[in-house]
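Residue-level structural notes
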Amino acid sequence: MRKPKIGIAANILIMDKGPEMLFGLYRAYVNNDYIESLEKNGCIPVMLPVLHNTDDARVQLEGLDGLLLSGGYDIDPLLYGEMPRNELGFTMNEVDCHYIALIKAADEMGLPIFGICKGMQMLNVAFGGTVYQDLHSQKPDSYQHTQNAPRYSASHSVTITEGSFLAGVLGTKVMVNSFHHQAVKDVAKGFHVTASSEDGVVEAIEKAGNHFVLGVQWHPEMMAKFDNEDMARLFQAFAKICGRS
Ligand code: MN
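Described in the following lines is the structure provided in the data block. It should be emphasised that the depicted structure is a prediction, and the values quoted were computed from it without experimental measurement. (Residues numbered from 1 in each chain as written. Predicted model: local features only at pLDDT ≥ 70, side-chain atom pairs only at ≥ 80, totals over all residues. Heavy atoms only, no water.)

A word on the overall build of the protein. When you go through the protein residue by residue, the secondary structure sums to 8 helices and 13 strands. For the protein, whose C-alpha radius of gyration is 17 Å, the value lies close to the compact-globule estimate of 18 Å for 245 residues. Over its C-alpha atoms, taken along the principal directions, the protein stretches across nearly 50 × 45 × 35 Å. Counting across all 245 residues of the protein, residues that qualify as buried make up 52%. Within the protein, contacts between residues separated by at least 24 positions form 69% of all contacts whose residues are at least 6 apart in sequence. Split by element, the accessible area of the protein, about 10,900 Å² in all, is 52% carbon and sulfur. Of the charged side chains in the protein, 20 are positive and 29 negative; the average position of the first set lies 5 Å away from that of the second. (Helix = DSSP H or I, 4+ residues; strand = E, 2+ residues; numbered from the N terminus. Rg over C-alpha atoms; globule rule 2.2 N^0.38 Å. Buried < 20%, exposed > 50% of the residue type's maximum accessible area, 1.4 Å probe, protein only. Contact = heavy atoms within 4.5 Å. Areas by Shrake-Rupley, 256 points an atom, 1.4 Å probe, with all protein chains shown as cover. Lys, Arg positive; Asp, Glu negative; His and termini not counted. Charge placed at Lys NZ, Arg CZ, Asp CG, Glu CD.)

We now examine the state of the cysteines. Such a bond, covalent and formed between the sulfur atoms of two cysteines, is termed a disulfide. One pass over the structure, following the stated rule, counts 0 disulfides. Considering cysteine sulfurs only, C117 is the nearest to C97, which forms no disulfide, with 19 Å between them. Looking at C97, the relative accessible area reads 27%, which means it is partly exposed. Here C242 is not disulfide-linked; the sulfur of C43 is the nearest cysteine sulfur, at 6.2 Å. (Disulfide = S-S within 2.5 Å.)

Evaluated as defined, the whole model comprises 12 salt bridges. A salt bridge links D96 to K118; its shortest N-O distance comes to 2.7 Å. Pair noted here: D96 is in helix α3 (residues 93–109) and K118 is in helix α4 (residues 118–126), with a separation of 22 residues, a long-range link. Here E198 makes a salt bridge to K173, at a shortest N to O gap of 2.9 Å. One end of the pair, E198, is in the loop between β11 (191–196) and β12 (202–207); the other, K173, is in strand β9 (residues 173–176), with 25 residues separating them in the sequence. Residue classification places E198 among the partly exposed residues on the basis of a relative accessible area of 41%. (Salt bridge = Lys/Arg side-chain N within 4 Å of Asp/Glu carboxyl O.)

A few words on the side chain of S164. Along the polypeptide, S164 turns up in the loop between β8 (156–160) and α6 (165–170). Within the local environment of S164, its side chain forms a polar contact with the backbone nitrogen of A167, the two atoms lying 3.1 Å apart. (Polar contact = N/O pair within 3.5 Å; in protein donor to acceptor, adjacent residues only side chain to side chain.)

A word on helix α8 (residues 229–244). Over its 16 residues, α8 runs 23 Å from end to end, which matches the ideal 22 Å to within 8%, given 1.5 Å per residue. Within α8, the full set of buried residues consists of M231, A232, L234, F235, A237, F238, A239, I241 and C242. Capping of α8 at its N-terminal end is provided by N228; its side-chain oxygen lies 3.1 Å from the backbone amide nitrogen of D230. (Expected span 1.5 Å × (residues − 1).)

The next subject is the environment of N228. If you trace the backbone, N228 turns up in the loop between α7 (220–224) and α8. The spatial distance from the C-alpha of N228 to the C-alpha of D74 is 27 Å, given a sequence separation of 154 residues.

Further remarks concern the coordination of the manganese ion. Within the first shell, the manganese ion binds the protein through H145 (ND1), H156 (NE2), S178 (OG), H180 (NE2) and E203 (OE), at distances of 2.3 Å. Taken in sequence order, the residues that donate to the manganese ion follow the motif H-x10-H-x21-S-x1-H-x22-E. Of this pair, H180 sits in the loop between β9 and β10 (183–184) while E203 sits in strand β12, and the two are 23 residues apart along the sequence. No difference in accessibility class separates H180 from E203, as the two residues are buried. (Donors = N, O, S within 2.8 Å, 3.2 Å for Na, K, Ca; no water.)

What follows covers the sheet that holds strand β6 (residues 113–116). For sheets, the rule is that strands pair by backbone hydrogen bonds, running either parallel or antiparallel. Strands sit in the order β4-β1-β5-β6-β13-β12-β11-β8-β9 across an open sheet of 9 strands; the sheet is mixed. With one partner strand each, in any of the chains shown, β4 (44–48) and β9 form the two edges of the open sheet. Going across the sheet, the axis of each strand differs from the next one's by a mean of 25°, ignoring polarity. Pairing analysis gives 5 bridges linking β11 to β12, with the strands arranged antiparallel. Note that in β12 the partner of S196 across the bridge is V202. Docked against the sheet, helix α1 (residues 32–40) engages β1 (5–9), β4, β5 (66–69) and β6, running at close to 165° with respect to β1. Packing of α8 onto the sheet brings it into contact with β1, β5, β6, β9 and β13 (213–216), and relative to β6 it is tilted by some 150°. (Pairing = 2+ DSSP bridges. Axes fitted to C-alpha atoms, helices over the stretch in contact; angles between N-to-C directions.)

Structural data, given as structure tokens:
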């Protein structure tokens with residue numbers, strides 16, 4: 001079987017360290033954990049840098065077998081019709097618009113989509129849902145979802161809905177890491193919540209129907225990179241689906 005070629009929606013890193021002449025320089029990047037986890041589990045990753053002409057997203061995806069949406073900055077709340085709360089972190093509208101263009105194009109093309117962390121939240125926003133701008137202030141009874149532990153360590157459990165794609169790969173209970181202060185609030189039409197933590201925070205969504213669209217709130221790539229078997233299996237399952245289409 002030919003290895004599936006997976007596009008990773010990239011991010012922009014604004015230089016604020018190193019030689020002063022580089023301050024303010026924009027760099028296109030993805031965290032290498034995504035690349036390593038995809039490669040280790042049977043895929044060939046390619047980076048999709050942020051484009052300003054969103055009409056070109058479709059061409060960017062041509063020849064690919066799947067789309068992975070990586071994590072990143074907070075989401076511009078204007079995109080889901082809210083004004084910024086005081087607790088909102090750094091946002092970059094152009095990154096979010098590129099994600100939305102990629103999601104819509106991949107959806108039209110029937111490409112499997114796997115959203116991770118902000119990538120899952122962007123899936124929700126692209127299809128009309130909303131997010132908590134800041135969990136801690138808007139849902140004060142929630143756990144600490146910004147763990148103070150190494151990235152490969154699990155910090156809370158999630159319960160997965162029986163019969164979902166995710167349950168088929170991970171079972172109905174799994175330990176996950178957590179690096180988010182935003183989370184899905186109103187779920188977009190056409191999506192089901194298929195995992196949540198015991199404090200009621202949405203930890204995974206799946207799109208109803210035949211088109212594979214999955215989002216998880218944790219960072220499986222940070223765990224799979226260190227050979228966590230559950231998360232390696234999740235990447236293998238995604239590779240299998242992308243290899244088929
Ligand atoms: Mn969490």
